[in-house]
Amino acid sequence: MRLALSQFTSGPEPEKNLELIEDGVRRAADAGARVVVFPEASMVCFGTSLAPIAQPLDGPWANAVRAMSAAAGIVVVTGMFTPAPRGRVANTLLVTGPGVEAAYDKIHLYDAFGYTESDTVAAGSRIVTVDVDGVRIGLATCYDVRFPELFRAHADAGAVATLLAASWGAGPGKREQWELLVRARALDATVWVAAVDQADPAAGGTVAHASAPTGIGHSMIVGPDGTVRRSLGAEPGLLLADLDVDEVAAVREKTSVLANRCLGRTA
């Protein structure tokens, strides 16, 4: 399966971000990708008041993405915000394309490093996988990467890959943590992990909100053996990779971490 990761910097205006998404969809389709993945918060960047901008999954913003997907004949995965109870929003991944329609609400909220996502965002509770051309794929968002149970749940559900959309927070050691965690989750679950982050705003000449997690770039494709196969730098870019689905079975035969789990077993 050919996969594209579109690393870009979203801004505070959803309509302008749609233009960036449309460009990424077109470029990915022209390159023969079956799926193109955009970062968390592609609809609008963090540091923006989210509740007034959030839209339902059948709203105009999501429908515009559906139209792009249909026109290009490619599955699109992108981060948006949908309304939630008590004036909060859900941090949602929309998945739409030929034969595919799903949404995942981020389960683990980023209440860390001095940022409190739960003040404005309601946590999801449902693990989501989708099937594209008979290939099962799990969905995860940013801070989810620190929780290996989610990635193992994808594998237990039959997934051979997880798509991880992020808007990673900057700071000392954060790039190193990003790569370490993405590689570790691939090893934990013996799945491909396709991790797409927002580009570093500074790399594109954008002034970011000082305290919000607005991305550092360095999107990557990691194999089920934990090795980085392809990666980007800090600036915007499109990363293409062909995922060998059969490699997952081969790695699991050699590294049987899923089969060897013994939680709850007593000696």
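Please read these numbers as outputs of a predicted model, since none were measured by experiment.

**Comments concerning the pattern of salt bridges**
Evaluation of the coordinates by the stated rule reveals 14 salt bridges. In this structure, the salt-bridge partner of Asp156 is Arg261, at a minimum N-O distance of 2.8 Å. Placement of the pair is Asp156 in helix H3 (residues 148–156) and Arg261 in the segment after helix H5 (245–254), with a sequence separation of 105 residues. One network of salt bridges, in which partners are shared, links Glu40, Lys106 and Glu117.

**Some remarks on the sheet that holds strand S14 (residues 228–231)**
Read across the sheet, six strands follow the order S9-S10-S11-S12-S13-S14 without closing on themselves; strand pairing throughout is mixed. The sheet terminates laterally at strand S9 (129–132) and S14, the two strands that pair on one side only. With direction set aside, neighbouring strand axes in the sheet form an average angle of 20°. Seen against the sheet, H3 touches S9, strand S10 (135–141) and strand S11 (161–166) and runs at an angle of roughly 165° to S10.

**Describing helix H4 (residues 174–189)**
Between its first and last C-alpha atoms H4 spans 23 Å; for 16 residues at 1.5 Å apiece the expected length is 22 Å, and the two agree. Taken residue by residue, H4 has Lys174, Trp178, Leu181, Val182, Arg185, Ala186, Asp188 and Ala189 as its buried positions. Down the axis of H4, the sector holding all buried residues measures 165°, keeping them to one side. Exposed positions of H4 whose direction lies more than 90 degrees from the buried face are Glu176 and Leu180. On its buried side, H4 packs onto H3, S11, strand S12 (192–197), strand S13 (220–222) and H5. Note on H4: the residue one or two positions beyond its end, Thr190, has a positive phi of about 45°.

**Quick notes on the environment of Asp246**
Looking at the secondary structure, you find Asp246 in helix H5. Judged by its relative accessible area of 62%, Asp246 is exposed.

Reading the values: rules and limits
Residue indices begin from 1 for each chain and proceed along its sequence in written order. Note on the predicted model: pLDDT of at least 70 is required for a residue's local features to be given, and 80 or more for side-chain atom pairs to be given and counted; whole-chain, interface and lining totals, by contrast, use all residues. Only hydrogens and water are removed before side-chain values are computed, so all heavy atoms of the structure are retained for them. Whenever Lys or Arg places a side-chain nitrogen within 4 Å of a carboxyl oxygen from Asp or Glu, that contact is recorded as a salt bridge. Put simply, DSSP H or I for four residues or longer makes a helix, DSSP E for two residues or longer makes a strand, and each gets a number counted from the N terminus. Only strands that DSSP links by at least two bridges are regarded as paired with each other. Helix axes are fitted to C-alpha atoms over the stretch in contact, other axes to C-alpha atoms as well, and angles between N-to-C directions run from 0 to 180 degrees. Note on definitions: a residue-residue contact is assigned when non-hydrogen atoms from the two residues lie within 4.5 Å. The span expected for a helix works out to 1.5 Å for each residue beyond the first. The cut-offs for exposure are 20% and 50% of the maximum accessible area for each residue type, with area from a 1.4 Å probe on protein chains only; residues under the lower value are buried, those over the upper are exposed, and the others partly exposed. By arc we mean the arc of the directions from the helix axis to the C-beta atoms, nothing more.

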